[in-house]
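# A closer look at the structure
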Amino acid sequence: MFKDNWIHELAKCEANCEPCVIVTVLEDRGSVPRDAGTKMLVTRDRVIATIGGGHLEHVATQQAREMLLADASTLKIERFNLGARLGQCCGGMATLSFEPIGTQEKHLVLFGAGHVAKALVAILATLPFRITWIDSRAEEFPETLPHGVTKVVSDDPVGEVNQQPPNSYYLVMTHNHQLDFELAKSIIDRADSRYFGLIGSLTKRKKFDMRLAQRGYTQTQIHTMICPIGISMVNGKHPAEIAVSVAGELIAHYQGHPLEQKRPQPDNESESVNDAGLEEKIA
């Protein structure tokens, strides 16, 4: 008897926000490798369980991975003639379904529960994000959280970074610049973020760039940190305005659009004033 373990692996994929495709034998006619109801799980780099091996499984795996690359979200059903189409000697007919799981949902880790974060969570909860919201101040969280948002009250926010699944989105907007810096180092050290944004102005960015470089981080590593965050044409310092701007950038990112270049320019005296005003909105 086959001991397929795809159910346990599916739970792991969901916990790690790893997209996958469930391939199911819906119908079998004649001689086929596995009976109707058999399933296997395909991720970008793994195949769990089997629908019988051979050319059928090879082609099914290829099609499943093409769906993952395309971020497909709809079920697909296809019939295979194992003899005429695939050249397998068994020569039966198999109908397979390809069901994408988790291809649209992204995991976002948000550090800080200030005014901007509260406004941002309300927007992101309506988008394809599963949110882990972290702050050391329990009283800062709203009493009711939107669906898909998990609150984490932690005295060690930096330690929480290593508890997150790979390929997560990160947003750092705490009330403390030194904590922001420690979080930035930890996120960069992971080297697996899909997006890492730090709230602040170009002045803050320059200071963080310099401090990171002094600690041996390369320019390639430093450039994985996006700061300032948000769409530049959306101006304003009201928390809701900042939140809309940041949400717009996240949408552009997961839709595959290139983000604005925001590298520091020569010193601008007005930046320090803008930075102070922005930090008031964060906390």
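Check the entry above for the structure.
As the structure is a prediction and not an experimental result, all values here were calculated from the model.

### Here's the deal with the sheet that holds strand β10 (residues 195–198)
- The five strands are arranged β8-β7-β6-β9-β10 in an open sheet whose pairing can be described as parallel. Every interior strand has two partners, whereas the edge strands, β8 (149–153) and β10, have only one. Averaged over all neighbouring strand pairs, the angle between strand axes comes to 15°, with direction disregarded.
- Here strand β7 (residues 129–135) pairs with β8 via five bridges, running parallel.

### Some points on the sheet that holds strand β5 (residues 93–101)
- In spatial order, the strands read β3-β2-β1-β5-β4; together these five strands make up an open sheet with antiparallel pairing. Strands with a single pairing partner mark the edges of an open sheet, and in this sheet they are β3 (47–49) and β4 (76–81). In this sheet, neighbouring strand axes are inclined to one another by 25° on average, regardless of whether the strands run parallel or antiparallel.
- Sheet topology note: the strand β1 (residues 20–29)/strand β2 (residues 39–42) ladder contains four bridges and is antiparallel. In the strand pairing of β2, I22 is matched with L41.
- Of the strands in this sheet, β1, β2, β3 and β5 touch helix α1 (residues 6–15), which is tilted by about 30° from β2.
- Against the sheet, helix α2 (residues 54–69) makes contact with β1, β2, β3, β4 and β5, and its axis sits at roughly 25° relative to β5, the strand it touches most.

### What about the pattern of salt bridges?
- Counting across every chain of the model gives 10 salt bridges.
- Salt-bridge contacts for E9 lead to R46; the nearest nitrogen and oxygen are separated by 3.1 Å. Taken together, the residues E9 in helix α1 and R46 in the loop between β2 and β3 connect sequence positions 37 residues apart.
- The salt bridge involving R137 is made with D135; its shortest N-O contact spans 3.1 Å.
- The class for D135 is buried, based on a relative accessible area of 4%.
- Residues participating in the shared-partner salt-bridge network are E9, K12 and R46.

### Some thoughts on the packing of aromatic side chains
- If you walk through the whole model with that rule in mind, you get five aromatic pairs.
- Aromatic pair W133 and F141: ring centres 5.1 Å apart, planes at 80°, arrangement edge-to-face.
- When the centroid spacing of 5.4 Å and the interplanar angle of 90° are considered together, the rings of F181 and F208 count as edge-to-face. Within this pair, whereas F181 is found in helix α5 (residues 177–190), its partner F208 is found in helix α6 (residues 202–214), the two being separated by 27 residues in sequence. Residues F181 and F208 agree in their burial class; the two are buried.
- Above the plane of the ring of F98 lies K76, whose end atom (NZ or CZ) is 5.2 Å from the centre.
- Here the guanidinium or amino end of R211 rests over the ring plane of F181, the centre of that ring lying 3.8 Å away.

### Thoughts on the pairing of β10
- Burial along β10 is two-sided: the residues Y195 and G197 and F196 and L198 are all buried.
- Where the polypeptide runs from strand β9 (residues 169–172) across α5 and back to β10, its parallel neighbour, the crossover connection is right-handed.

### A closer look at the packing of helix α3 (residues 115–124) against helix α8 (residues 239–254)
- Between α3 and α8, the shortest axis-to-axis distance is 8 Å and the interhelical angle comes to 50°. Here α3 is positioned oblique relative to α8, judged by the angle of their axes. Two packed elements cross with a definite hand, and for α3 against α8 that hand is right-handed. Contacts between α3 and α8 pair H115, V116, A119, L120, I123 and L124 from the former with P239, A240, I242, A243, V244, V246, A247 and L250 from the latter.

### Here we look at a nonpolar patch on the surface
- A contiguous nonpolar surface patch, about 300 Å² in accessible area, is contributed by L26, L75 and I77.
- Locating L75 in the fold gives a position in the loop between α2 and β4.

### Overview of the packing of α5 against α6
- It is at 11 Å that the axes of α5 and α6 come closest, and there the two elements cross at 55°. The angle between the axes of α5 and α6 places the two elements in the oblique class. In this structure, α5 crosses over α6, and the sense of that crossing is right-handed. Each of H177, Q178, D180, F181, K185 and I188 in α5 lies in contact with α6, whose residues at this interface are K204, F208, R211 and L212.
- Partitioned by chemical class, the residues of the contact of α5 with α6 number four nonpolar, two polar and four charged.

### Section: the environment of D192
- On the secondary structure map, D192 appears in the loop between α5 and β10.
- A relative accessible area of 19% places D192 in the buried class.
- Leave out the neighbours within four places in its chain, and D192 touches P166, N167 and S168.
- Side-chain polar atoms of D192 contact the side chain of R190, separated by 2.8 Å.

The rules behind each value
- Residues numbered from 1 in each chain as written.
- Predicted model: local features only at pLDDT ≥ 70, side-chain atom pairs only at ≥ 80, totals over all residues.
- Heavy atoms only, no water.
- Pairing = 2+ DSSP bridges.
- Helix = DSSP H or I, 4+ residues; strand = E, 2+ residues; numbered from the N terminus.
- Axes fitted to C-alpha atoms, helices over the stretch in contact; angles between N-to-C directions.
- Contact = heavy atoms within 4.5 Å.
- Salt bridge = Lys/Arg side-chain N within 4 Å of Asp/Glu carboxyl O.
- Buried < 20%, exposed > 50% of the residue type's maximum accessible area, 1.4 Å probe, protein only.
- Phe/Tyr/Trp six-rings, centres within 6.5 Å; stacked < 30°, edge-to-face > 60°.
- Lys NZ or Arg CZ within 6 Å of the ring centre and 35° of its normal.
- Right-handed = clockwise from strand over helix to strand, strands pointing away.
- Parallel < 35°, antiparallel > 145°, perpendicular 65-115°, else oblique.
- Left-handed = near helix turned anticlockwise from the far one by under 90°.
- Patch = residues over 30% accessible without salt bridge, like charges linked within 9 Å, V, L, I, M, F, W, Y side chains within 5 Å.
- Areas by Shrake-Rupley, 256 points an atom, 1.4 Å probe, with all protein chains shown as cover.
- Nonpolar A, V, L, I, M, F, W, Y, C, P; charged D, E, K, R; others polar.
- Polar contact = N/O pair within 3.5 Å; in protein donor to acceptor, adjacent residues only side chain to side chain.

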